[in-house]
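The residues making up each chain are set out below.
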Amino acid sequence: METRQPTVYHAVYLPLEETLVEAEDSKVHIYCDKNEALKIIKKHKKSRLKTFKNIEEAREFARNGLESVLPNPLANAVPTIVLTEEKNRFKVPKPQNLTKLRKAIEQDNIEFVKTTVWDNPRYLVSGGDTPAILHEGCRYNALHVAVKVTQNPAMCEFILNTVGNPEFLSLYYGDADKKTYVNRASILQDLYLNTPDKGLNETPLHFATKFGLKECVRTLLSYPQCLRSPLNKYQQTPADIICSRKSIDDKELINEIRSLLEEQYYVPVLRAEDNSLQPTIGEPFSPVSPPRININPINPKIEVRAFAGPMTKSQALEFRKKWKTPPRLFGTPNKKTPFSNETNGLRSPSLHLSLRLQDSDKGLERVGRDLALEHHVSWKEYWPFLKDFADLRCNDGLSKLEEFLKTKYIKKTPSFEHEQNSSTPDDEQPKSKLELNNLCNQLNSLLLESQNVMDEDCDDNCHFVTPPSSPSHGISNDESSDEEEMDLADDNLKEELFLEGKLPTKIDFAVFTAIPTEIDLSKYPYIYRWRHEMSLASKNHIYERTIKHIPFKRKLFSSET
């Protein structure tokens, strides 16, 4: 009787470690009865069962497993590279560490907060690229805490500037091109500004308005991502709850905050990139409708180099009108006067018009800076050496200038110490000193001749400058070498003390007029020293300009007599 071939084959694949356990199981397991195949499956838990219609496929599976049976359509194709996201090198902060950061924000300890978040960006950015939660119950992020508890606009500005900094995100994600993180930084700023809390569904702007925090409202609204009319749990906008949690009914404060919640405008200074055009005061603009410049590609590139604001539209129009036609004191001649220690030389309203006409580099900015101070409006201007916008009258701008001067000083100090440590050989010192003495003698003779000429042209009423004394030949080698080292040290430090070289330039004088007249030595030591040197340089500059005209005046006086 002819046997009938089965229609299906039950193949069982045993992994290599299973086949080594029992020698009798090393055979190929192919069964026509499924119950027998299931007995093998129960005996070896890591085995696999598959049913085939072809005996060859069943035998191949029983020997090599599933990989040998399934067809590979990409076998002859170009291999593809699977990109896997790298594991973040920063650890997730523990809840107690997040609580510690929240308390530091509440205590307004900005230095601790700065150190903590830059050491581990995960204190501000969670694993899902969203704001880190510092208060689990209400789901407050760092900005919620800063506005509600600290009520300090500087802390709010620091948090928003940090999460919006591409360098901060490049530290978090890895060392990639910073430009790739610009959009992410903007999105993260948006989330911090507009994410509501869990209880009342209120954003940080709701907190700032209901507690009557005018400066915090101004800071939050200075970012274009901030929404002005989000709704809370009771369908109220920030404008509906102004000062609702403030015990004192201050109508003036309410009106000021309400005006801030209106669309804000800025008044800019427009300058050509190559200074080929005269600077102008642009029309007021808002972040929603930025200024339309560089429409014609043939014209020079125009850039915003300074701006005042935010203000309401009516305030911006009035500010621009005063900026274009600045007032001057009645009956006071519009004439530039010398520098003054009390006014920093250029503070009087009567000098505004002359500043605009005479100072083409910073004239408009100097007028706008004083006008912004008068109207209590925020001010920002671009400084090329900082490569950033800053107001050098506030702490943020002074900190940037202090860091810049400190960096220049630190870069110069190691090389100077290296020069001091590498002493000159003894056989070369006498020759160099002899050449130095000869040079000093020649300079001394020139100074004496110039002094004799001044004696002939001027009488006793003339002003003279005592020339510096030349090195004495009677000084010992040790003493003279010490004095030379001190002079070299002083010259070496002064060479890097100014912003762009050994001597002050236009940018030095521009910064000198922009910073406050009083500088805290303990807080800004490098600015204090730089300002002292600039004060001496300003006095010498005026004195030289005055001395230059003395012989000419004396000749006129002698001819008249």
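See the structure printed just above.
First, a word on scope: everything that follows refers to the structure included in this document. In this text, all values refer to a predicted model and were calculated from it rather than measured experimentally. (Residues numbered from 1 in each chain as written. Predicted model: local features only at pLDDT ≥ 70, side-chain atom pairs only at ≥ 80, totals over all residues. Heavy atoms only, no water.)

As a further point, take the overall build of the protein. Each helix and strand in the protein was counted, giving 21 helices and eight strands. Every one of the 561 residues in the protein was classed for burial, and the buried ones make up 35%. Once local pairs closer than 6 in sequence are excluded, the contacts in the protein between residues at least 24 apart make up 62%. Just so you have it, the protein exposes about 35,400 Å², and 52% of that area is on carbon and sulfur atoms. (Helix = DSSP H or I, 4+ residues; strand = E, 2+ residues; numbered from the N terminus. Buried < 20%, exposed > 50% of the residue type's maximum accessible area, 1.4 Å probe, protein only. Contact = heavy atoms within 4.5 Å. Areas by Shrake-Rupley, 256 points an atom, 1.4 Å probe, with all protein chains shown as cover.)

Strand order in the open sheet formed by five strands is β5-β4-β6-β7-β8, with antiparallel pairing between adjacent strands. A strand with exactly one partner marks an edge of an open sheet, and here the two such strands are β5 (280-281) and β8 (388-390). Across three bridges, the pairing between strand β7 (residues 379-383) and β8 is antiparallel. In the sheet register, Glu381 faces β8, and the bridge partner there is Ala390. Sheet contacts for helix α13 (residues 313-324): β4 (265-272), β5, β6 (302-311) and β7; angle to β4, the most-contacted strand, approximately 40°. (Pairing = 2+ DSSP bridges. Axes fitted to C-alpha atoms, helices over the stretch in contact; angles between N-to-C directions.)

So, on to the packing of aromatic side chains. Taken as a whole, this structure holds 13 aromatic pairs when the rule is applied. Judged by centre distance (4.7 Å) and plane angle (80°), the rings of Tyr172 and Tyr173 are edge-to-face. Three or more aromatic residues joined by ring pairs make a cluster, and in this case those are Tyr266, Phe285, Phe307, Tyr382 and Phe389. The side chain of Lys148 reaches across the aromatic face of Phe207, ending 5.6 Å from its centre. Over the ring of Trp383 we find Lys362; its NZ or CZ atom is 4.0 Å from the centre of that ring. (Phe/Tyr/Trp six-rings, centres within 6.5 Å; stacked < 30°, edge-to-face > 60°. Lys NZ or Arg CZ within 6 Å of the ring centre and 35° of its normal.)

One recurring pattern in soluble globular proteins: nonpolar side chains tend to sit buried together. Ranked by internal contacts, the top residues of the largest apolar core, which has 48 residues, are Ile105, Tyr192 and Leu220. With six residues, helix α7 (residues 153-163) is the largest single contributor of residues to this core. In contact with Tyr192, not counting residues within four places along its chain, are Leu124, Pro131, Ala132, Asn141, Ala142, Leu143, Ile159, Leu160, Val163 and Pro204. Core analysis: the second largest hydrophobic core is formed by 22 residues, Phe385, Leu401, Leu499 and Phe512 among them. (Core = buried A, V, L, I, M, F, W, Y, C linked by side-chain atoms within 4.5 Å.)

Moving on, we get to helix α6 (residues 142-150). The buried fraction of α6 is high, at seven of nine residues. Every buried residue of α6 is listed here: Ala142, Leu143, His144, Val145, Ala146, Val147 and Thr150. The N-terminus of α6 is capped by Asn141, whose side-chain oxygen sits 2.9 Å from the backbone nitrogen of Leu143. Directly beyond the C-terminal end of α6, a positive phi value near 60° is found at Gln151. (Polar contact = N/O pair within 3.5 Å; in protein donor to acceptor, adjacent residues only side chain to side chain.)

It is at 9 Å that the axes of helix α8 (residues 166-173) and helix α9 (residues 182-194) come closest, and there the two elements cross at 100°. Here α9 runs roughly perpendicular to α8, going by the angle between their axes. Of the residues in α9, those touching α8 at Pro166, Leu169 and Tyr173 are Val182, Arg184, Ala185 and Leu188. (Parallel < 35°, antiparallel > 145°, perpendicular 65-115°, else oblique.)

Most of strand β1 (residues 9-13) is tucked away, with four of its five residues classed as buried. Where β1 lies against strand β3 (residues 48-52), five bridges are found, and the strand directions are antiparallel. Following the sheet pairing, Val12 is matched in β3 by Leu49.

Looking now at the pairing of β4. Extensive coverage of β4 is indicated by the burial of eight of its eight residues. On β4, burial covers both faces: Tyr265, Val267, Val269 and Arg271 on one face and Tyr266, Pro268, Leu270 and Ala272 on the other are all buried. In terms of strand pairing, β4 meets β6 through seven bridges, oriented antiparallel. Opposite Pro268, over in β6, you have Phe307 as the bridge partner.

Before going further, it helps to examine the pattern of salt bridges. Tallying each qualifying case throughout the model produces 15 salt bridges. One salt bridge in this structure joins Lys214 and Glu256, with 3.0 Å as the shortest N-O distance. Note that Lys214 is positioned in helix α11 (residues 214-221) and Glu256 in helix α12 (residues 251-261), a separation of 42 residues in sequence. The partly exposed category is assigned to Glu256, whose relative accessible area is 28%. Residue Glu365 is joined to Arg271 by a salt bridge in which the shortest nitrogen-to-oxygen separation is 2.9 Å. Of this pair, Glu365 sits in helix α15 (residues 363-375) while Arg271 is found in strand β4, placing the two residues 94 residues apart along the sequence. This pair shows no difference in class: Glu365 is buried, exactly as Arg271 is. Sharing partners across several salt bridges, the network here consists of Lys301, Glu303 and Arg305. (Salt bridge = Lys/Arg side-chain N within 4 Å of Asp/Glu carboxyl O.)

Turning next to the sheet that holds β1. Working definition: the strands of a sheet are paired by backbone hydrogen bonds and lie parallel or antiparallel to each other. The antiparallel open sheet is built from three strands, whose spatial order is β2-β1-β3. The sheet terminates laterally at β2 (29-31) and β3, the two strands that pair on one side only. Strand-to-strand twist in this sheet, taken as the mean axis angle between neighbours without regard to direction, amounts to 25°. Summarising the sheet, β1 and β2 pair through three bridges and their orientation is antiparallel. Paired with Val12 across the strands is His29, a residue of β2.

As a further point, take the side chain of Ser47. Note on placement: Ser47 falls in the loop between α2 (34-43) and β3. Note on Ser47: relative accessible area 4%, which makes it buried. Dropping the residues within four chain positions of it, Ser47 is found in contact with Val12, Tyr13, Leu14, Pro15, Ile40 and Ile41.

With that settled, consider the environment of Leu371. Secondary-structure assignment places Leu371 in helix α15. As a C-alpha pair, Leu371 and Ala308 span 63 residues in sequence and 9.1 Å in three-dimensional space. Among residues more than four places away in sequence, those in contact with Leu371 are Phe319, Lys322 and Trp323.

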